[in-house]
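Report on the structure
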Amino acid sequence: MHPLTELIHSDMKPALGVTEPGAIAFAVSTAGSYLTGEIQEVSIALNSGMYKNAFTCGIPGSPHYGNLYAAALGAVAGKPELGLMSLQEVTEADNLAAENLVKENRIHAEMSEVSSRIHIVATVRKESGAATVTIWDTHTGITSIEVNGEMVKETSADKVSGRVESADASFGEAAETSEPPLIHRYTLGEMLDYVRTVPAEEIAFIQEAFEMNLALFREGLANPRTTYLHYLWKKNGEQEISEDELASASLLCNGAIEARVIGLDAPAMSITGSGAHGIIATLPLYASAEVRGISDEMRNRMTALSYLICMYIKEYSGRLSAFCGCAIAAGSGMAAALCFGRGGGEKEITACLWNMASSITGMVCDGGNHGCTMKGVVACDAAFRAADLAMNGISIEPIHGINGATAEETMRNMGQIASPGMVATEKTIVDIMQEK
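Residues numbered from 1 in each chain as written. Predicted model: local features only at pLDDT ≥ 70, side-chain atom pairs only at ≥ 80, totals over all residues. Heavy atoms only, no water.

**Topic: the packing of helix H7 (residues 188-197) against helix H13 (residues 296-317)**
- Two numbers describe how H7 lies on H13: the axes approach to 9 Å, and their chain directions differ by 155°. Between H7 and H13, the angle is such that the two are roughly antiparallel. H13 is crossed by H7, and the crossing has right-handed handedness. The segment H7 lies against H13, with Leu188, Met191, Leu192, Tyr194, Val195, Arg196 and Thr197 engaging Arg301, Ala304, Leu305, Leu308, Ile309 and Tyr312.
- A class-by-class count of the residues in the contact of H7 with H13 yields 10 nonpolar, one polar and two charged. (Axes fitted to C-alpha atoms, helices over the stretch in contact; angles between N-to-C directions. Helix = DSSP H or I, 4+ residues; strand = E, 2+ residues; numbered from the N terminus. Parallel < 35°, antiparallel > 145°, perpendicular 65-115°, else oblique. Left-handed = near helix turned anticlockwise from the far one by under 90°. Contact = heavy atoms within 4.5 Å. Nonpolar A, V, L, I, M, F, W, Y, C, P; charged D, E, K, R; others polar.)

Quick look at the structure:
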């Protein structure tokens, strides 16, 4: 199996709801699984990106949202063996128990540092004692478990994230090793060679992402809580796929994002640790392929490129940062894949990335919330426009702005705008949210 296939396969993961509340619930439920008796107290310390992204995020199976309820539900109902799906079986009684824990001030959450590197420290106290779980770099990357003062598991963050030797690379600030992350060892030209020549059966698993993300969209379509989705449905003639490629793409993409961020009970197939990234990197391509009559095999090849471009940018920006990786990284991946599906090569895709870098790179991330839907709308509009322009020989030249002379330089510059460029912005965003 090609290393890039391994990278994609290892990074594609189902996630129920936004991945940050899922990661919090996973950490807390893991700590709680080592203890017995009644819950006395739960404390979580989160890096700024984790804290911000879960701050007003909907939680599947619950009317509640945010860091405190993600931790509370993880304590009373989380099943750590399910990973980011740990809240899959939340009941009404679980919601009531979580409400009581929050009301009794037994759940505490704080921001530990301003950083794009994922960091969670979850401590649970029960009658039998206390347990602490520490996560670094990836949403489920446990580096230590301490129970009643005894270390029962300890692994270095680099080993968990597998930055150097494994395809399962982590992202952002963790990249302080002598070796570059796997994805950065490839040029755009080499990525294109891969997606053109990789055996179709080797990347057939990508079909799972379309099936899961479409099911999430349809869950949103059947639910009256979604608002943007129903408007986009009408704009597309009340059909999933119309003759309007962009309208169909925006409907599927942003309907699924809205269903996810309001906490509907259906998973998304995530990429780079984000369900919204996974949705943006896939569903617009599904719509494009349907409208243009592109084969399933070619659609999978397009999606492989979409994923790789997203990963390339995210390795620089960090998994959780002050800019909207969904629109910028996944949106750029989607735009590149649109060019590829229309017959574009390295020249056209590089021009497309120049157009994306010059347009939406500054979009901020103010957490995983309903606003992600609007950001997705903008990402679809920008990506389709950037691809159309590039395929017609029109782009922002590399002399301008943050564009680089090559696609690789441009993607690096896009990522570095977030980390280290927007560290102060991240703190300001969190300050604003806390003041509310």
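**Notes on the sheet that holds strand S5 (residues 129-136)**
- Strand order in this open sheet of six strands is S3-S2-S4-S5-S6-S7, and the pairing throughout is mixed. In this open sheet, the two edge strands, each paired with only one partner strand, are strand S3 (107-113) and strand S7 (150-154). Direction aside, the axes of adjacent strands within the sheet are offset by 15° on average.
- Two elements, strand S2 (residues 39-47) and strand S4 (residues 119-126), share seven bridges in a ladder whose sense is antiparallel. Note on S4: the bridge partner recorded for Ala45 is Val121. (Pairing = 2+ DSSP bridges.)

**As for the packing of aromatic side chains**
- Applying the stated criterion to the full structure yields three aromatic pairs.
- Between Phe210 and Tyr286 the ring centres are 6.1 Å apart and the planes differ by 40°, which places this aromatic pair in the tilted class. Of this pair, Phe210 sits in helix H8 (residues 207-221) while Tyr286 sits in helix H12 (residues 283-292), and the two are 76 residues apart along the sequence. The pair formed by Phe210 and Tyr286 is uniform in burial state, with each residue classed as buried.
- Where Tyr312 meets Tyr316, the ring centres are 6.1 Å apart and the plane angle is 55°; that geometry is what we call tilted. Within this pair, Tyr312 and its partner Tyr316 are both found in helix H13, separated by four residues, close to a single helical turn.
- The side chain of Arg299 reaches across the aromatic face of Phe210, ending 4.4 Å from its centre. (Phe/Tyr/Trp six-rings, centres within 6.5 Å; stacked < 30°, edge-to-face > 60°. Buried < 20%, exposed > 50% of the residue type's maximum accessible area, 1.4 Å probe, protein only. Lys NZ or Arg CZ within 6 Å of the ring centre and 35° of its normal.)

**Regarding the pattern of salt bridges**
- Considering all chains together, one arrives at 15 salt bridges under this definition.
- Among the ionic pairs, Lys52 bridges to Glu426, the shortest N-O distance being 2.8 Å. Linking Lys52 in helix H3 (residues 48-53) with Glu426 in helix H18 (residues 423-435), this pair joins segments that are 374 residues apart in sequence.
- Judged by its relative accessible area of 1%, Lys52 is buried.
- A residue is classified by how much of its surface remains accessible, and Glu426, at 2% relative accessible area, is buried.
- Close ionic contact of Glu245 with Arg292 constitutes a salt bridge, the shortest N to O distance being 3.1 Å. Here Glu245, found in helix H10 (residues 245-261), pairs with Arg292, found in helix H12; they are 47 residues apart in sequence, far enough to count as distant.
- Classification of Glu245 as buried rests on a relative accessible area of 12%.
- Overlapping salt bridges bring together Glu245, Arg292, Arg342 and Asp388 as one network. (Salt bridge = Lys/Arg side-chain N within 4 Å of Asp/Glu carboxyl O.)

**Some thoughts on the state of the cysteines**
- Scanning the entire structure with this criterion turns up zero disulfides.
- Not part of a disulfide, Cys324 finds its nearest cysteine sulfur in Cys326, a span of 4.5 Å.
- With relative accessibility at 5%, the residue Cys324 sits in the buried group.
- Residue Cys339 stays outside any disulfide, its sulfur separated by 3.8 Å from that of Cys352, the closest cysteine. (Disulfide = S-S within 2.5 Å.)

**Describing the side chain of Thr30**
- Along the chain, the position of Thr30 falls in helix H2 (residues 19-32).
- In this structure Thr30 comes out as buried when scored by relative accessible area, which is 7%.
- There is a polar contact of 2.7 Å between the side chain of Thr30 and the backbone oxygen of Phe26.
- Apart from the residues lying within four places of it in its own chain, the contact partners of Thr30 are Pro80, Val133, Ile142 and Ile145. (Polar contact = N/O pair within 3.5 Å; in protein donor to acceptor, adjacent residues only side chain to side chain.)

**Observations concerning the nonpolar core**
- Leu305 and Leu308 are the most contacted members of the largest nonpolar core, which has 100 residues in total.
- A per-element tally of this core places helix H14 (residues 325-341) first, with 12 residues.
- Not counting the four nearest positions on each side in its chain, Leu305 is found in contact with Leu188, Met191, Leu192, Val195, Ala336, Ala337, Phe340 and Ile349. (Core = buried A, V, L, I, M, F, W, Y, C linked by side-chain atoms within 4.5 Å.)

**Re unusual backbone geometry**
- Pro420 follows Ser419 through a cis peptide bond whose omega is 20°.
- As for its position among the elements, Pro420 is in the loop between helix H17 (407-418) and H18.
- Here the phi dihedral of Asp137 falls at roughly 75°; this positive angle occurs in a residue that is not glycine.
- With respect to the helices and strands, Asp137 occurs in the loop between S5 and strand S6 (142-147).
- A positive phi angle, close to 50°, is found at Asn148, a residue other than glycine.
- By the secondary structure assignment, Asn148 is in the loop between S6 and S7.

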